[in-house]
Amino acid sequence: MSQTVKTKRGVVRVLAAAAAIAAAAAIFTLSANRVSRGQPITQAQEAQLQSDFQELGPLVSPDMKKINHAIFTPAVLTHPAKLATYAPANAPVLRDLVGKFEAFGVKHPEVAGMLSPQTTRLKAVLVAMGDKQTSDAVAKDLAGSDPKAKLSADLINLQVAWWHTPDAAGQKKLITKLTALAKAHPTSNTLAVAAAGLMGTGSANSAIRDELRGIIVNDLTGPAAVEMQQQLKPMMALHKLMGKPLTVSGVALDGSHFSTAKWKGKVVVVDFWATWCGPCRMSLPALEKLYAQDHAKGLEVLGVSNDNHASALRAYLKSHEKTMPWPQLFDVAHPGWSAVAAKYGIDAIPTQFVIDRQGIVRRVSQGYEQGDALEVEVNKLLAQK
């Protein structure tokens, strides 16, 4: 499969995970093309939805241009003090944008359900900023009798709590609340988008993200969830490797055959990556540091490159030969998406496997991860003899 297709899939996954403005728009567009209120739509309905969104674009575009989109990033959302500094310039614009979405939904009820996740997300950001007007409105909805408004208010408060809860124990408690909401509102698009957003915004570790994926895949049945499931199910299948023996092998860059079987008794990190992948390159410094400090203790690393050209891979490795001395699987005769990656159903990078001294998979992660989760897992496994 081409890099273009893989890159598009990766972009869709990142957007869905982030569930920021562009993500919601992408999900709504996909829903508009296929389903409306859980039912197949007619050509006339599809044409109406497309017309609605064409009308909406110019309406919200001025506000979108004024917003500092840094406020939707994990680096800002998960730091209340930092987010508060953006409030004076951005809160009035966000309130205006929410008002436009809600008014548009009243005028065009056929898209109101698709816009609800968007307004809920924006209100959550406003509450996290400390916007009193929005906080008071959310409290009023929570105390009211409208079930949709109450669900939205619950999800707003849950998202804000999540952004302020960096530890896994606290996030598990919030996941319990989210699961209860999912079981009570299985067709909610708003809930599906919120769950996807939590995956990409401050999740403590890959196990937490797995639980969130599980809610979308197992508990939700609405249009947005159905779209997400097409992307999340492969990742869920990938995690079935956990706890099972695994040997990774293939053609190396130098043309030889390489297998992790030769590293019996070692802890192995298998890194699926490419030089053209920005998140992959962002992940490498931590892996290079880990290798430098733990290689002598029994850590090995195997790269599986998905580059389109051997020359690009060789050039990158040449410039990092001191920090990335580990072997690379790359079949020069068949460049592009690696057959090894395809074998395991990997459709987005970076993806990493951590294999213990007995050859058992102990960790599977996908996407760029902040923090020291990989280092903690590796050190734990190295301590086991």
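What counts as what
Residues numbered from 1 in each chain as written. Predicted model: local features only at pLDDT ≥ 70, side-chain atom pairs only at ≥ 80, totals over all residues. Heavy atoms only, no water. Pairing = 2+ DSSP bridges. Helix = DSSP H or I, 4+ residues; strand = E, 2+ residues; numbered from the N terminus. Phe/Tyr/Trp six-rings, centres within 6.5 Å; stacked < 30°, edge-to-face > 60°. Buried < 20%, exposed > 50% of the residue type's maximum accessible area, 1.4 Å probe, protein only. pLDDT = per-residue confidence, 0-100. Contact = heavy atoms within 4.5 Å. Right-handed = clockwise from strand over helix to strand, strands pointing away. Expected span 1.5 Å × (residues − 1). Polar contact = N/O pair within 3.5 Å; in protein donor to acceptor, adjacent residues only side chain to side chain. Salt bridge = Lys/Arg side-chain N within 4 Å of Asp/Glu carboxyl O.

### Overview of the sheet that holds strand β7 (residues 328-329)
An order of β7-β6-β5-β8-β9 is seen for the 5 strands of this open sheet, with the pairing classed as mixed. Each having just a single partner strand, β7 and β9 (361-366) make up the two edges of the open sheet.

### Overview of the packing of aromatic side chains
Across all of its chains, the model carries 6 aromatic pairs by this definition. Ring geometry for Trp273 against Tyr316: centres 5.6 Å apart, planes inclined by 55 degrees, an arrangement best described as tilted. Residue Trp273 is found in strand β5 (residues 267-273), and its partner Tyr316 is found in helix α14 (residues 310-319); the two are separated by 43 residues along the sequence. As far as the burial class goes, Trp273 and Tyr316 line up, both buried.

### Focus: the confidence of the model for the protein
In the predicted model, the protein carries a mean pLDDT of 85, and 88% of its residues have values of at least 70. A low-confidence stretch, residues 1-39 stays under pLDDT 50, and its non-local contacts, those more than four residues away or across chains, total 77 contacts.

### A closer look at the pairing of β5
For β5, the tally of buried residues reaches 7 of 7 residues, placing the bulk of the element in the interior. Here β5 shows two buried faces, one formed by Val267, Val269, Asp271 and Trp273 and the other by Val268, Val270 and Phe272. Across 7 bridges, the pairing between β5 and strand β6 (residues 299-305) is parallel. When the sheet's bridge partners are listed, Val268 is paired in β6 with Glu300. In terms of handedness, the path from β5 via helix α13 (residues 278-294) over to β6 forms a crossover that is right-handed.

### Observations concerning helix α8 (residues 147-163)
Under the 1.5 Å per step criterion, the end-to-end length of α8 is 24 Å for 17 residues, consistent within 8% with the ideal 24 Å. Of the residues making up α8, those classed as buried are Ala149, Leu151, Ser152, Ala153, Leu155, Ile156, Leu158, Gln159, Val160, Trp162 and Trp163. Where α8 is buried, its residues contact α4 (74-77), α6 (109-129), α7 (132-143), α9 (168-184), α10 (189-199) and α11 (206-219). Sitting at the head of α8, Asp146 places a side-chain oxygen 3.0 Å from the backbone nitrogen of Lys148.

### A few points about the pattern of salt bridges
The full count for this structure, using the stated rule, is 14 salt bridges. Asp219 is paired through a salt bridge with Lys183; the nearest N and O atoms lie 3.3 Å apart. Of this pair, Asp219 sits in helix α11 while Lys183 sits in helix α9, and the two are 36 residues apart along the sequence. Exposure remark for Asp219: the relative accessible area of 18% places this residue in the buried category. Residue classification places Lys183 among the exposed positions, given a relative accessible area of 57%. Residue Arg362 is joined to Asp356 by a salt bridge in which the shortest nitrogen-to-oxygen separation is 2.8 Å. Residue class for Arg362 comes out partly exposed when judged on its relative accessible area of 37%. On the accessibility criterion, Asp356 (3% relative accessible area) is buried.

### Some words on the environment of Ala333
Here Ala333 shows up in the loop between β7 and α15 (339-343). Assessed through its relative accessible area of 59%, Ala333 is described here as exposed. Considering only alpha carbons, one finds Ala333 and Gly255, 78 residues apart in sequence, at a separation of 9.3 Å.

### Details of the side chain of Thr119
Mapping Thr119 onto the fold places it in helix α6. According to the relative accessible area criterion, Thr119 is buried, its value standing at 9%. A polar contact of 2.9 Å, which involves the side chain of Thr119, links it to the backbone oxygen of Ser116. With residues up to four places along the chain from it excluded, the contact list for Thr119 reads Val98, Phe101 and Glu102.

### Side note on the environment of Ala139
Residue position: Ala139 is located in helix α7. Linking Ala139 and Lys150, residues 11 residues apart in sequence, is a C-alpha distance of 9.1 Å.

### Some words on the pairing of β9
Along β9, 5 of the 6 residues are buried, which leaves the element largely enclosed by surrounding structure. The pairing of strand β8 (residues 351-355) with β9 spans 5 bridges and is classified as antiparallel. Residue Gln352 lies in a different strand from β9, and its bridge partner there is Ser365.

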